[in-house]
Amino acid sequence: MASKGWQHPYVNIFKHLKVEEWKKSSKEGDVTTYTDKTLKCSVFRIKGPVPTNSYILLPKNSSQSLGLTGRYLYLLFRPTPTKYFVVHIDVTAEEGQVVRLSFSNMFKEFKSTATWLQFPYLCGAAKDSVYESTAKSARQGLIGPAPISVRWTCLMLDLECMLLSYLNRSYSHLKSIKLCANMAVKNLFTSDLLLNPGVSFSEAKLMGLSSSRGTGPVPREMAFPVPRGSSWHDLYDYIRFPSDGTKLPFDSIQKGSQSPELRWASTQKKHLRQKSDCFHLSKPIQDRVSLIQQITTPKSVSSNQTPVVTSIPELGMVSTHRKEDVLIHNHIQHQQDSPGSSSHQVTSRPSCDADNGGVHVYVHPCEELCKQGDESEEYFCTDDPHVVHLSSSKQTKQKQLLPDPILHLRRIIGFGGANTKHALWTKSGDEVVYPCHAVIISMNISSKQQRFFIGHTDKVSALAFNGHTTLLASAQTGSHGVVRVWDHQSGNCLAMFRIHAHSMSVLSFSYSGSILCGVGKDRHSKTMVVVWNTLHVNKEGIVTVLAKAHTDVDIHTMKVAFFDETRMVSCGRDNIRLWRMRNGTLRSCPVNLGEYHSLDFTDVAFEEGISSGHVDDRILFASSRSGHIFEIDYSRVVIRNVRRLLPAQEQHGDRREKWTFKTGPGIAINSISLSASFCATGSEDGFLRLWPLDFSSVFLEAEHEGPVSLVSVSSDSLQVLAATSTGNLGFLDVSSRGYNTLMRSHTDTVLGFSLDGIRRHLTTASSDGTVRIWSMDSLHQLYDFVSEDNPCSVAFHPSEQVFSCGFSSGIIRVFDISSAKLLVEHKHHRGEVVGLTFSPNGEFMYSACSQGSLALYNSSEEDHNVIRVVCNVVARGTERAPDALTVSSNSRCLAFVGPSEYIVTIADARALDELLHVDVSILDVESPRLDSALKVCFAPASTEHVLVSTSANKVLWISTKTGRLLREVSKVHKNQCSSLAVSEDNRFLLTAGDNAVKVWDYSMQLHINSQMFIGHSEPIRQVSFTPDQLAVVSVGDAIFFWDFLAHPADSLTESRSPLRVNHSSTRKSVQSPAELTQAQMSNGMPRQTAPLPSSPPPRLDIGIIDQADHEALGSLSLCEDAINSPNIPVLCTRSGPSSECRPATSYLKVTELVTSSQLNTSHLDAGEMKDKVVRPDCYRHFIPRFKTSSLDQACVTPQTGEEGMRLKAVIGYNGNGRGNMVWSADKGLFAYSCGCIVVVEYLHTGSQKHLRGHNEEVSCLAVTNDAQTVASAAGDNSSDRCLICIWDVQSGACRSTISHHRGAVQCLAFSRDDRYLLSVGDFSEPEVALWSTKSFQLLSSVRVSGPIHDAAFSPSTASQLACVGTMGVYFCLLLSQGLDVDLKVQCVKAPAEVGDVEMTALCYHMDSYLFTSTNKGHVCVWDVKSLRCFMMWEADEGEIGVLQCQGNSLLTGSNTRWLRMWEVEAVCDSKPGQKVSNEENSETTVGLEQEIMLDGTMVSAAFDNTMDMGIVGTTAGTLWYIHWSGNSSIRLVSGHKAKVNDVVFSSNESHFATCSEDGSVRVWSAPSNELVVQFQVLSQACGCVCWSPSVDMDSACVAAGYGDGTLRIFRLISSEMEMKMQPHRVAVTAIQYSAYGHVILSSGKNGLVAISSLQNGATIRVIRDHKGAAITTIQCISKQSKNFGLDGKELWLAASVDRRVSVWVADWLKNKCDLLDWLTFPAPAYLGDDKPPPSLAAFCPTDPSLVVYTGFGVEKELSFYSLDTKQIVKKISIPHWATCISLSSKNQLIAVGSRERVLKLITSSSGRFQNFLHNDSLQTCHFSPSGTLLFTVAYNEILLWEVQGL
């Protein structure tokens, strides 16, 4: 596979493998050769009664790979008549995952998993045969055995398309092929060419088909013979999959319905012109494909969906009945008749983005729509690598539910499922892996964060880790045993395989992970042991069976020996057996148990600690239900010792005999686990006990609420995991003897829940007989109510801390949570309580039972008196529990199903008087079965809608005033919907069914209205939004918490059109096609919605409805969104002949010259502007970094010349800016921004000048042509308008400040003569403003319709300029009339050839041409005079955000990190034609001269006049010097992109080090501030850094602490990592060398301080005094401590977030470390929304006996504590809470930073201070050792100050 050239143009697989020799391939069963009469050549025949027993396998065994990379696989075969066949194709994805593609005429439906796709194959019949007639009438092929007249077939499979479409994986190569009986096979071949078997070589030449164009005829050796005068398609079948033919309701492989010639011509045309292949996906498959993609690729679908032309039913009807096909046909016919649209636009398939990965809806041609079946179909699109040009068809954006995914599984409350015997430690001991029904959870024991492994379809029954805990194996229960192997770190499923066993109960990995052992039951219920080879599972996903054994003995557990992968041990009832695998055979021998042969053994464990010992030294321990613990000699297979666990004996009068070893009831031991020093046992009495290995006595035990089913000791022996049969999971910390509960859970199905939004509590009722209350924030169990009567439903009071619970006996109990007491009990119901709820205002409570009674209670009183009980009004039965009742949001209406299952009743919520009956069974008159109601739900935002789910899998919208049907959705789930919920804003609908949750667009007017999410293994009982609408809760087998990711105000790609109503009396008011064209399509853009039909939809035509219905329907629509959208026509709702329907808004297209007078802004009509602000889809648009801090407006800065410190250097460049770097090569000016500072740098000296006048992030810069003036723009937190500063470069003074734009300024530009300054506003207020550079007065401004991204003046004349943005290119002209300047604007759309794009950047060439770029990588060339685009080419694969042009050279920079130089001389010499041409299909050529890849997306660039030298800025915070002729690139300025966490000086101040959230540690040279070396650690944040105390730089080291608890020491002289250690399991928060460099001190978030040796990296001491509170500061100093009465040479302190400071005396050479003092500072309760201020402490440099402390307390102050007098000797008040402090060794100065962006420089003696402002809150500040320099850091802005003193 190193070279793929030999595979072109095709590979004959049979010839390549020499199949006839059977050396590289294999055959099994009846495989013969014969001469076929039709083909007149020798072919293979495979036959047999069982297809899987006769086959040809290519290559010979599964461990080999074909390695064929061709995209298309061609199979030449003929199914055997009246027989079945199977074909298995294994392909490998780029990430190494092996996926099996299978097709057979035995398969009845499409099935899919993450690693297996199964397609039904529908055999075609011979032409004019009776079978063909049958197939035509059925509009499908023949299901089942092949017909007698089946023909030879050329089957082409697009492997790349299949893999990408169904699993969102990238195809790598073909691995193997297995052809199973019954069939005849001529050959197989692979190719990257799309070949036509029906075209001969001569015909191909005439048609112009060649391999250079990606197509051609089939090779002669593969072709089927065609007699003269005959047609290939009359003799043979050609099937292309994915295809364009008619489909069944499931995906299948079959011959298309279109004629072969037409289909090939269409396919050929699309292959050459389009970017994607599209194929049908039926509606049931969409959900399954979406499901598989959510499992395999959790990334979101790109929002840049390819636009399509489509239509939707007008009344929100989402039914798929055949009658609606006519409606859709009318829609499309309406489009075709409209001017500006054509049949080509409708029938051509638009291209799709590669990253979309979703399902896309496309409109069929009319003739195809008339032939559609009952299912609504969709297309699935994938990339075609041979495409060289985009289709020119007009396209519109497809609308789908966004974001995708809209739910994200955050937490699950639950443990177990199949059993509670499986939970595992990771090797690091920081995570626990356990099953929760069908989901596997990996929980971090510190943060309680969960990761999920989703893929099993039934409850997980076994888990196993390999020794390094990198591979995780899991098995599921059920009749078909399925085993999955996962990569634990990434969560990817590496392999899935089935075994012919059920009830898989045991899995065990070998230590290396190359062997996996499993135990289950075969079909005869005999115990079966299987051993698999998993050696290659990581790379190839291959798992093979090594050995298999059947046995009659019982096996409770089985484990692979960690010292020998061929040995295993098992135990069960009456046996302990030792197993060994040799030569593919698995054999066992029993341990001679003697008198103990009848015991029931539960667990086995090997003694650890003898890693290299011989097998003869091994000791095996086994536990039993009788309490015996056996010690077994492994080599001799004999018992060495037996011990027994007996309960404590009590004296009873009636029993005097004493229990002995053999008498009395022993305590059943369920689990045993060993470490090197002790043994842990879990027993039936609920105790976890720790024993020494001699079992002399128990030294630690923990009692649980139920029997302990599992114990497991962590690898470091410091923690013991325990699980109970009551659903609890926790661990015992051996060192601290503390117990931590990880999970509590119900042990049976959760029946219902209720939410308390005020206190954020969740209450659940379960079949296990308990009602539990949980915290929604921590998910901890708060209360547990146990009852002998089974609870059925629960409900929280909306305001009080009270909840009610209904039971199966009919009793209603009301509980007060605060006092944990029962308030009242009601017994009015005779049956099980199926509904229980409170009114939203809290005045009433309602309950219903299964016998049909309904009760009303007064919940405003504590005793909840009964007001009324009504019998036989609620439908009988329990299927509607637990939420059979629903109350409207205004507390006026109550809805339920009853008195029969067909009736929905709406009653008065205050008196239970019936208001309305709706019979749902008569709503669908065409259905042969009566439809019954299941669930009812009010829409919270509209009391006029009640939603009903029915037994026919529909959801109905019903008017609460008239009972009319407003809307219905069919086929909501495969099975019945079990729960309904609507969001508070009526924008989303939740449904539950098929063990899945679906989120729907409430208006049902998108192409893709829903998203489905899996995870539950049992039916979901209830689903609901949380009161804050930020999460979704679903219950069933467990409690699932989902993050709801939709934005509160903006969650869809486009504004949704309102629900439309057509009155029979107002049908004439519908616009004609011509009117629609004029109103909607005047701008030349494709329609976003289809024109309305001339008549309403047939099924929902309800005639003239009354005003109540009309209002109800109107409230269903999002009218405010519709008005805001310029794309959607809104129909008027007035009745009468004078009614006139017209769009509320229209597209904005500036085609006339718009003038504006001086100081008079020209605004377009408000009705034509978008009120809804949407961020444009391009990176070129500047978006300020989000900040949580705010500047203290009352802060006063020192006067110029009086500052106590001067800004010396700014380190870094703001990569978030756009165009925020300027360079004048001839004038020598170089300026850029970093945060709120503009830096002017002199490259020859490296010195800097700082322009400081902004207090927010600078977005862009501009420089005059004489390089004397610089303009900068940034936000201003003291005003709502952006501030533009005008700077004099020579003096650094601010000449003027101007402001006009409310949002951020996107672009600044000076005119060629420097008379004018242009400023452009952002997307929130897109406006172009023109300023005079003499007075800096606003001359003119123009508001445009869409966001503008870039602007530029013409280089030859100051009167011309251009802008680019969302709407296209704006050509502007300046007209001067005296002092007045008019700005005339003309907008031209982007050419149709580039599709729906954003114009992102522009630059002029001379004065005749304009280059523009798009967010999809195109460069367009415009003639400035004619305002027309005459050429375009694709210059990049991503968005181009930087364009520069000088002479005949054009520079492009994009978000793909490529910087390219183009030769465009030929473009400029060409004459603009009448039609837009492409560089590929025109005589003009554009040459790529040079390219270079940089470290990030390009955001700014400046080059000299020759375009040979320039400077480029990237989002990585780097400014690069580019020299094309020298082929070199040099970093000029480098900074951190992410947040900087620490910065420190070396002891000699020659270097300093910084660390960042991006995991980098950088070392800089102090005099020049140049980057010396960078150490990068991926996927880990670096939180702290320190220097070694050595003065000699040859021996200097830098130590850094990381988020995974590791410390890394880097040596500067070698630029290499010298040592890595991991003394912590949590993130490192502080690090410091000891004063003399003997040890290194580090602390973690858990409050532990570790002292590590620098010799071997070992942790020599752990300080636990601060445990539980994160350490914020560690400082070490050199000081003799005799004055304190302790022996030591060093002092060090640690401060923690709980306001405690410990001071220690240490002598590390003598291994001494003693506590000197312990300080605790009081504080009130912190009531802020964010984290409290940190606790900070430091030794005073001038007097080390003083400790300076600040933190959250009673007052904001600095406290000086004396270690001599043990008291506070001084306090200094400060106005803000401190976030960082640093003490200078000079002038008694203290630097204090705060969240208010202020650094205070304070003199500790006098309290005098000065303020210095920053761009964001300060997270760190550090004085240099000499005290002359100070570093301050605000986010990623690093400032170096020269300290002069106050």
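Values in this document were obtained by computation on a predicted structure and should not be read as measured data.

Student: Would you mind going over the overall build of the protein chain in detail, with residue names and values included?
Tutor: Per the secondary structure count, the protein chain includes 14 helices and 131 strands. When the 1846 residues of the protein chain are sorted by exposure, 60% land in the buried category. Accessible area of the protein chain: about 71100 Å², with a carbon and sulfur share of 48%.

Student: An account of the pairing of strand β7 (residues 86-93) is requested, with residue identities and associated values reported.
Tutor: If a strand is regular, its side chains alternate between the two faces of the sheet. Judged by how many residues are buried, β7 sits mostly within the fold: eight of eight residues are covered. Neither face of β7 is exposed, since V86, H88, D90 and T92 on one face and V87, I89, V91 and A93 on the opposite face are all buried. The pairing of β7 with strand β8 (residues 98-104) spans seven bridges and is antiparallel. Considered in β8, the bridge of T92 is made with V98.

Student: An account of the sheet that holds strand β116 (residues 1659-1663) is needed here, citing residue identities and associated values.
Tutor: As summarised here, the arrangement of the four strands in space is β113-β114-β115-β116, forming an open sheet in which the pairing is antiparallel. A single partner strand is all that each edge strand has here, and the edge strands are β113 (1628-1633) and β116. Averaged over neighbouring strand pairs, the angle between their axes works out to 20° when direction is ignored. As paired elements, strand β114 (residues 1639-1644) and strand β115 (residues 1649-1653) share five bridges and run antiparallel to each other. Looking across to β115, one finds that V1639 is bridged to S1653.

Student: An account of the side chain of T1269 is needed here, citing residue identities and associated values.
Tutor: In this fold, T1269 is placed in strand β81 (residues 1269-1274). Under the relative-accessibility criterion, T1269 is labelled buried at 8%. In terms of polar contacts, T1269 uses its side chain to reach the side chain of R1295, at 2.9 Å. Dropping the residues within four chain positions of it, T1269 is found in contact with A1262, V1263, T1264, I1286, W1287, V1289, R1295 and F1310.

Student: So what's going on with the sheet that holds strand β20 (residues 424-425)? Which residues, and what values?
Tutor: Taken in spatial order, the four strands make up an open sheet running β20-β21-β22-β23, and their pairing is antiparallel. The sheet is open, and its two edges are formed by β20 and β23 (450-454), each paired on a single side. Looking at chain direction, β20 and strand β21 (residues 431-436) are connected through two bridges and run antiparallel. Bridge pairing in β21 links L424 to V433.

Student: Run through helix α3 (residues 159-167), naming residues and quoting values.
Tutor: Given 3.6 residues to a turn, an α-helix orients residues that are three or four positions apart in the same direction. Here α3 lies mainly inside the structure; eight of its nine residues are buried. Listing the buried residues of α3 in full gives L159, C161, M162, L163, L164, S165, Y166 and L167. Immediately downstream of α3, the backbone of N168 shows phi near 60°, a positive value.

Student: If you had to explain the environment of I1677 to someone new, which residues and values would you point to?
Tutor: With respect to the helices and strands, I1677 occurs in strand β117 (residues 1671-1678). Residue classification places I1677 among the buried residues on the basis of a relative accessible area of 16%. Spatially, the C-alpha atoms of I1677 and K1689 are 8.9 Å apart, while their sequence positions differ by twelve residues. Each residue touching I1677, except ones within four places of it in the same chain, is listed here: A1635, E1690, L1691, F1739 and P1744.

Student: Describe in detail the packing of aromatic side chains, supporting the description with residues and values.
Tutor: The full count for this structure, using the stated rule, is 55 aromatic pairs. Between Y10 and F189 the ring centres are 6.1 Å apart and the planes differ by 80°, which places this aromatic pair in the edge-to-face class. On the criterion of sequence distance, the pair formed by Y10 in strand β1 (residues 10-12) and F189 in strand β13 (residues 183-191) is long-range, its members being 179 residues apart. When the ring of F224 is compared with that of W232, the centres are 6.1 Å apart and the planes differ by 5°; the resulting orientation is stacked. Residue F224 is classed as buried on the basis of its relative accessible area, which comes to 6%.

Student: Describe unusual backbone geometry, and please don't skip the residues or the numbers.
Tutor: With an omega of 5°, the peptide bond between H8 and P9 qualifies as cis. Checked against the element boundaries, P9 lands in the segment before β1. In this chain, A181 is followed by N182 through a cis amide linkage whose omega measures 10°. Relative to the helices and strands, N182 resides in the loop between β12 (171-180) and β13. One non-glycine residue, R737, lies in the positive phi region at around 60°.

Student: Which residues make up the state of the cysteines, and what values do they have?
Tutor: A full pass over the atoms with the stated rule returns zero disulfides. Summary of cysteine pairing: C1260 is not part of a disulfide, and the nearest cysteine sulfur, belonging to C1307, is at 6.3 Å. The thiol sulfur of C1586 is not disulfide-bonded, and the nearest other cysteine sulfur, from C1584, lies at 7.6 Å.

Student: Just give me the short version of a negative patch on the surface, but keep the residues and values in it.
Tutor: Together, E800, E861, E862 and D863 give the surface a local cluster of negative charge. Along the chain, E861 falls in the loop between β58 (854-858) and β59 (866-870). Judged by its relative accessible area of 35%, E861 is partly exposed.

The rules we used
Residues numbered from 1 in each chain as written. Predicted model: local features only at pLDDT ≥ 70, side-chain atom pairs only at ≥ 80, totals over all residues. Heavy atoms only, no water. Helix = DSSP H or I, 4+ residues; strand = E, 2+ residues; numbered from the N terminus. Buried < 20%, exposed > 50% of the residue type's maximum accessible area, 1.4 Å probe, protein only. Areas by Shrake-Rupley, 256 points an atom, 1.4 Å probe, with all protein chains shown as cover. Pairing = 2+ DSSP bridges. Axes fitted to C-alpha atoms, helices over the stretch in contact; angles between N-to-C directions. Polar contact = N/O pair within 3.5 Å; in protein donor to acceptor, adjacent residues only side chain to side chain. Contact = heavy atoms within 4.5 Å. Phe/Tyr/Trp six-rings, centres within 6.5 Å; stacked < 30°, edge-to-face > 60°. Disulfide = S-S within 2.5 Å. Patch = residues over 30% accessible without salt bridge, like charges linked within 9 Å, V, L, I, M, F, W, Y side chains within 5 Å. Salt bridge = Lys/Arg side-chain N within 4 Å of Asp/Glu carboxyl O. Lys, Arg positive; Asp, Glu negative; His and termini not counted. Charge placed at Lys NZ, Arg CZ, Asp CG, Glu CD.

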